[in-house]
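Observations on chain architecture
Listed here are the chains, written in short residue letters.
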Amino acid sequence: MTMTDWELYWNIVAYTTGTIRIILTGFLFYRFLKPFLPAGRSVICTGFAYTLVMIVLKFYPDSIDFMICYAVGITAGFLVMYLIDKHNLRQKLFLSVTWYLMEWLIWSMILIPWSCLYEILIMPREMMKHPVLQFILFIFMQIIHILLNIVGLSMVTRIIHWVYHDKRADMSVRELCLMLAPVMTMLAGYCMLHMYSLVYESDTGSLIQDVHPEHSWIQLLYTTLSFASVLTAIISYQHIKDSQRKETEATILSRQLADMEQHIHEVEQLYAHIRGLKHDMGNHVMILEQLYANSRPSANTGSGSPGTAASHNAAYHTVLPPEYTAPGAGCADSPQPAAVFTDCGRLIRQTWSLETETYLTRLKQQVQETVQDLQSGNPVTDVILREKQKEALEKGIDFTCSFHYPQSPGVSAFDIGIVLSNALNNALEAAQLCTDPYIRISSYHRKHTFIIEIKNSMLPGPPLLMQNGLPLTTRTGGEHGFGLTNIRRVARNYRGDIDIVIEEDSFLLNVMLLTG
């Protein structure tokens, strides 16, 4: 077999392993972007576009500098992300540039150990006498290069995912500048090192790392510092985001607590008044019933109960209009015929009967409604549930409640109020968009565990994006998306937690509190 044949085989292996490496790198690019982008075609198409462009450039007839190839591939991926999903464009730009730097980083890191092993196994002169063995070792080294590249990219991807935990947060222009400053500085230094290597090779005809091995070590140190700078920028960005989030959460929670405190004060006064009213209501009802009974005709007196003249006169003056009681009218100031007394008595009884019966019916109904409204066992939760029920009915939402306040001394009405307010606000927002809206709230005690369950209808759609076990809000604004966070904080203060079950058209929130 001639030297030309062996060269052809080497080229075939080089192109084959290079293509495999590009495909695997494109898959890792997809895995790198996946936590940051909505699930679906956006992230898949981005990884596919990057892979396709890199393969085309690899088989392009004219030689293209690999630095330009990587830049073109990353640009293609960024454009696909932009065309499919224009949300949070600044973060997409940062991720694209960061991946470009990561590829340089891994290439520089594996260059030194791989080159040393390549020199030892393949380049010795005695290996020239064994072309088959040399070819097998070349295949082995290409596989090693692929493995090192994939392992390295996987490791740095995991590290970035670990430090960059606020992956779905919008990035402002100022934050983008903060994040890109070290990245662009490192890339500029990379470009200068690369250009220096090309100039050296053009002037001397030799690779700079062959003549000056320390150049590879300098490049490795530079890339390591570059990656450390990127991580530092991401960590700083996360500290800023965490501080902003905590400050917003504290502001919202402080306002909720202040509102709840004022609410408790007002509700306790109202509740005391209602208890007093309920206490006296029995006497009022008894008196009204007696009046109603007295206004009815007795079985032994016929249609008109005569009574005494004084009692009739007093009743007439009290109930009848002036034309019946004026002198000469025939009712009050002179003896009247029996028929007139009979008509006046009938009118008095009818007036008493109608007004007393109407008032009594309304009074009983109000008492029953008051008793039915206040069932949870705590004035704060009573009012919160009543207000949310009223709001639900106004929006046409079926509201079913079987919540009972936990009878445990260690449970605070502040905390339960925060849980109910935030959870029911979220449920109302989601349910009002449905054609058959409903909200179901219940609670139960199991030994020292108190559990609140709130289930509501929701529009069917794509799976909700999750972060830290909580669904991300789809609403914009500085104070949106903190309801479940505050609920989880309350639950964890009681050594509990929350559990979320999302089905196609329903959302179930379980809040567990340890009360013992």
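Residues numbered from 1 in each chain as written. Predicted model: local features only at pLDDT ≥ 70, side-chain atom pairs only at ≥ 80, totals over all residues. Heavy atoms only, no water.

Take the overall build of the protein chain next. The number of helices and strands found in the protein chain is 14 helices and 7 strands. Taken across its 516 residues, the protein chain has 41% of its residues classed as buried. For the protein chain, the share of sequence-separated contacts (at least 6 apart) that also reach a separation of at least 24 residues comes to 72%. Summed over its atoms, the accessible surface of the protein chain is roughly 29,200 Å², and 61% of this surface lies on carbon and sulfur atoms. (Helix = DSSP H or I, 4+ residues; strand = E, 2+ residues; numbered from the N terminus. Buried < 20%, exposed > 50% of the residue type's maximum accessible area, 1.4 Å probe, protein only. Contact = heavy atoms within 4.5 Å. Areas by Shrake-Rupley, 256 points an atom, 1.4 Å probe, with all protein chains shown as cover.)

Paired through backbone hydrogen bonds, the strands of a sheet run either parallel or antiparallel to each other. Strand order in this open sheet of 5 strands is β1-β2-β3-β7-β6, and the pairing throughout is mixed. The open sheet has two edge strands with one neighbour each: β1 (398-402) and β6 (497-502). Across the sheet, the mean angle separating the axes of adjacent strands is 10° when strand polarity is ignored. Two strands pair when backbone bridges link them, and strand β2 (residues 438-446) and strand β3 (residues 449-457) are joined in this way by 8 bridges, in the antiparallel orientation. Residue pairing for β3: S442 is matched across the bridge by E453. Strands β1, β2, β3 and β7 (506-514) of the sheet are contacted by helix α13 (residues 413-431), whose axis makes an angle of about 15° with β3. (Pairing = 2+ DSSP bridges. Axes fitted to C-alpha atoms, helices over the stretch in contact; angles between N-to-C directions.)

In this section: the side chain of S457. Topologically, S457 is positioned in strand β3. Setting aside anything within four residues of it in sequence, one finds S457 in contact with A430, A431, C434, D436, P437, Y438, D505 and S506.

With that settled, consider the packing of helix α3 (residues 66-84) against helix α4 (residues 89-121). The relative placement of two packed helices is expressed as an angle between their axes plus a distance between the axes. As a packed pair, α3 and α4 sit with axes 10 Å apart at the nearest point and diverge in direction by 155°. In terms of orientation, α3 lies roughly antiparallel with respect to α4. When you trace α3 past α4, the crossing you get is right-handed. Contacts between α3 and α4 involve F66, M67, Y70, A71, I74, F78, M81 and Y82 from the first element and L89, K92, L93, S96, W99, Y100, E103, W104 and W107 from the second. (Parallel < 35°, antiparallel > 145°, perpendicular 65-115°, else oblique. Left-handed = near helix turned anticlockwise from the far one by under 90°.)

Before going further, it helps to spend a moment on the packing of aromatic side chains. Enumeration over the complete set of coordinates arrives at 14 aromatic pairs. Between F29 and Y50, the aromatic rings sit 5.1 Å apart at their centres with planes inclined by 50°, giving tilted as the arrangement. Placement of the pair is F29 in helix α1 (residues 3-33) and Y50 in helix α2 (residues 41-58), with a sequence separation of 21 residues. For the pair shown, F29 and Y50 are each scored as buried. With 6.1 Å between their ring centres and 50° between their planes, F32 and F36 make a pair best called tilted. Each member of the pair F32 and F36 is classed as buried. In textbook terms, an aromatic cluster arises when at least three aromatic residues are bridged by ring pairs, as seen for F29, F32, F36, Y50, F94, W99, Y164 and Y237. (Phe/Tyr/Trp six-rings, centres within 6.5 Å; stacked < 30°, edge-to-face > 60°.)

The next thing to look at is the confidence of the model for the protein chain. Model confidence for the protein chain is summarised by a mean pLDDT of 77, while 73% of its residues fall at 70 or above. Within the protein chain, the lowest mean pLDDT, 44, falls on helix α9 (residues 309-319), and the highest, 92, falls on β3. When the criterion is pLDDT under 50, residues 476-480 qualifies, and its contacts beyond four places in sequence or with other chains add up to 6 contacts. (pLDDT = per-residue confidence, 0-100.)

Attention now goes to the nonpolar core. One recurring pattern in soluble globular proteins: nonpolar side chains tend to sit buried together. If you look at the biggest cluster of nonpolar residues, it comprises 50 residues, and the most contacted ones within it are F32, L33, F94, W99, I160, Y164 and I234. Of all elements in the fold, only α1, α2, α3, α4, α5 (131-163), α6 (173-204) and α8 (214-295) reach the threshold of two or more residues within this core. Excluding its chain neighbours within four sequence positions, the residues that come into contact with I234 are F94, I160, V163, Y164 and M179. The next biggest cluster of nonpolar side chains, apart from the first, holds 36 residues, and it includes F403, Y405, A427 and I452. (Core = buried A, V, L, I, M, F, W, Y, C linked by side-chain atoms within 4.5 Å.)

Further remarks concern the side chain of T515. Position of T515 relative to the elements: it lies in the segment after β7. A polar atom in the side chain of T515 sits 3.3 Å from the side chain of H445. Discounting chain neighbours no more than four positions away, the residues touching T515 are S408, V411, H445, H448, T449 and F450. (Polar contact = N/O pair within 3.5 Å; in protein donor to acceptor, adjacent residues only side chain to side chain.)

Contact geometry of α4 with α5 gives a least axis separation of 9 Å together with a crossing angle of 145°. The interaxial crossing formed by α4 with α5 has right-handed handedness. Taken together, the residues that form the contact of α4 with α5 break down as 18 nonpolar, 6 polar and 1 charged. (Nonpolar A, V, L, I, M, F, W, Y, C, P; charged D, E, K, R; others polar.)

This part covers the pattern of salt bridges. Considering all chains together, one arrives at 5 salt bridges under this definition. One salt bridge in this structure joins K241 and E175, with 3.4 Å as the shortest N-O distance. Residue K241 is located in helix α8, and its partner E175 is located in helix α6; the two are separated by 66 residues in the primary sequence. Residue E175 is classed as buried on the basis of its relative accessible area of 8%. One salt bridge connects D497 with R488, and the closest N-O pair in it is separated by 3.5 Å. Taking relative accessible area as the criterion, D497 reaches 26% and is therefore assigned partly exposed. For R488, a relative accessible area of 14% puts it in the buried group. Among the charged side chains, a salt-bridge network with shared partners connects R488, R492 and D497. (Salt bridge = Lys/Arg side-chain N within 4 Å of Asp/Glu carboxyl O.)

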